[in-house]
Amino acid sequence: MTESAPPRLRFAPSPTGYLHVGGARTALFNWLLARRTGGTCLLRIEDTDKARSTEDSTKAIFDGLKWLGLDWDEEVVFQGANLERHQRDAEALLASGKAYRCFCTPEELDERRKEAAAEKSAFKYDRRCDELAASEVERRVAAGMPCVIRFRVPEGETAWDDLVHDRIAFPNKDIEDFVILRSDGTPIYNHAVVSDDIAMRVTLVMRGDDHISNTPKQILLYQALGAPLPRFAHLPMIHGTDGKKLSKRHGATAVGDYEHMGILPEAMVNFLALLGWSPGGEFEEVMTLDQLVAAFSTDNLLRKASVFDPKKLEWMNGQHLSRVPLAELEPRVTPLLVQAGLATAADLAARRAWYFALLDLLRVRSRLLDDIVRQAGPYFRDEIEYEAEAVAKQWKEPAVVGPLLAATRETLAALGPWEPAAMEESLRALADAKGVGGGKIFQPLRVALTGLGVSPGIFDVMVALGRERTLARIAQAERHLAGMAGGAG
RNA sequence: GGCGGUAUCGUCUAGGGGACUAGGACACAGCCCUCUCAAGGCUGGAACACGGGUUCGAAUCCCGUUACCGCUACCA
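Quick notes on the rules
- Residues numbered from 1 in each chain as written.
- Chains lettered and ligands numbered in written order.
- Predicted model: local features only at pLDDT ≥ 70, side-chain atom pairs only at ≥ 80, totals over all residues.
- Heavy atoms only, no water.
- 1 Å grid on protein atoms, 1.4 Å probe; cavity = no way out; pocket = protein on both sides within 12 Å on 5 of 7 lines; lining within 4 Å.
- Points joined across faces, edges and corners; volume = space filled by probe spheres on them.
- Helix = DSSP H or I, 4+ residues; strand = E, 2+ residues; numbered from the N terminus.
- Domains from an automatic or database assignment.
- Nonpolar A, V, L, I, M, F, W, Y, C, P; charged D, E, K, R; others polar.

1. A word on the layout of surface pockets
Here the largest pocket is characterised by a volume of approximately 1300 Å³. Considering the residues around the largest pocket, the lining is formed by 42 residues, among which Pro13, Ser14, Thr16, His20 and Asp210 are closest to the centre. Elements supplying a minimum of two residues to the lining of the largest pocket: β1 (8-11), α1 (21-37), α6 (189-199) and β9 (204-208). Of the residues forming the lining of the largest pocket, the biggest block, five residues, is contributed by α1. A domain split of the lining of the largest pocket shows at least three residues from each of domain 1 (8-75 + 191-239) and domain 2 (82-188). Of the pockets and cavities examined, the second largest pocket occupies roughly 300 Å³. In terms of lining, the second largest pocket is formed by 18 residues, of which the most central are Glu266, Thr288, Leu289, His320 and Glu328.

Here you go:
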């Protein structure tokens, strides 16, 4: 291969919905390869289907790519703006005799297709309009009869060396003379794609393998238009847990869904990158974007469709949650805390060091951003609620626990510096003195401080809460326990 | 139906003729650590779709079968 110049790639979604994880993965691979090779990554919005394309969808694609951290080079190309060139290219094919006018109506075609189906034979356009005399064509055009432009598929075989599949070949006899320009003058997909890819000087087309059967048609168009062929790389599909194509019934399929679910973009990207690609050999699965760029290569692209496993995504998110620099995590969490009514952005900014330390405590036991918010309550609210389950388990005997908590409070109150080592030392000494294990002190204390049976290490909790609030919460718990003991008789 | 593609633990994957008693990760189970929960560590169960070749030797190469997926529009 004489190809040594960095490739020009493109991601070409059609704005007919949200950015799907499959589309996101295609965008990611194009982007990774461009960044890896010093190539160019372009974005083209394929909005030629005016019936289905919407501005909202276009925005959703931009938003999705932005969230993932994928950018593109040069101006965004809107396919719809290239109508004139599409028509010119189609006219050129007509002029050079590589395409012809077809006057068959959709209704007629439909009819013939049904007949073929009834006879269980494959329908293929029979070229009847290609046999029309020139004068007849002229007459019909002059008469204003609507017509499409069909590409005349030559004899032979069309093949290419796919970057992931190696050689793929199609006998031309299996390809029918396909329409390139509708009767209303707008282009059909395959034609618009080729016209645009040529104009954008795309040298490597990387897309889903559902386009494999479009590829011979497109190659034929390149050749007829006298343009150099790009290389092709067809990526395997992403399926749902049941092995079927990913759809709404599998739950979330739009990248925006995962954003709202509390997934970090770096985790999403990492997870998607490992679907249909692997660095090969032994490798660490948790990778940053930079590491992905450094490792990416078309050599390790897989051929088999993969199943999207949300469980593994969550695990991966947990990994990233724990590894991302706090300064990057903070802006993702803050809006959620504010939204939950736990704090204001100003408040958090005012005690940044404390806030970061808290985040560090909570993120280890979180898989989703929401897990952090859910755990954060006790550190922000003035009043806490006691979880019934925790109370039932750890405050089972109020008459015993109450005095123990009181002793704990007194011990802590007498403490000099408010730091973990000192807390642990004095509380373990207290446990010894009372003849109980540490857990008998720590567990009821955890409920007193957080209302929960589960939390970060108890000393970390106390540091995060601060001395004053810690002692107040214990006192409050003592009152609560006294009430319980009284109520119980 | 026709054409094309694919086939390693439940899932993501390593593997490119001998290093395979098939490795790792997720999930699952157990154990360790331990103030709880995570995280982490250790252990366990779990796969080369089937049938023929080629070869001294096949998860790896070839053929067939089966299954699954995609395309088969004046959709993209």
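2. What about empty space enclosed by the protein?
With the rule as written, the count across this model stands at two cavities of 30 Å³ or more. What the largest cavity holds in volume is close to 70 Å³. In terms of lining residues, the largest cavity is bounded by Phe11, Ala27, Trp31, Cys41, Leu42, Leu43, Leu65, Leu70, Asp71 and Trp72. Residue assignment for the lining of the largest cavity shows that the elements contributing at least two residues are α1 and β2 (40-45). For the lining of the largest cavity, the element with the highest residue contribution is β2, accounting for three residues. For the lining of the largest cavity, a count of residues per class yields nine nonpolar, no polar and one charged. Of the volumes computed, that of the second largest cavity is approximately 50 Å³. Among the residues making up the lining of the second largest cavity, the classes are represented as five nonpolar, three polar and no charged.

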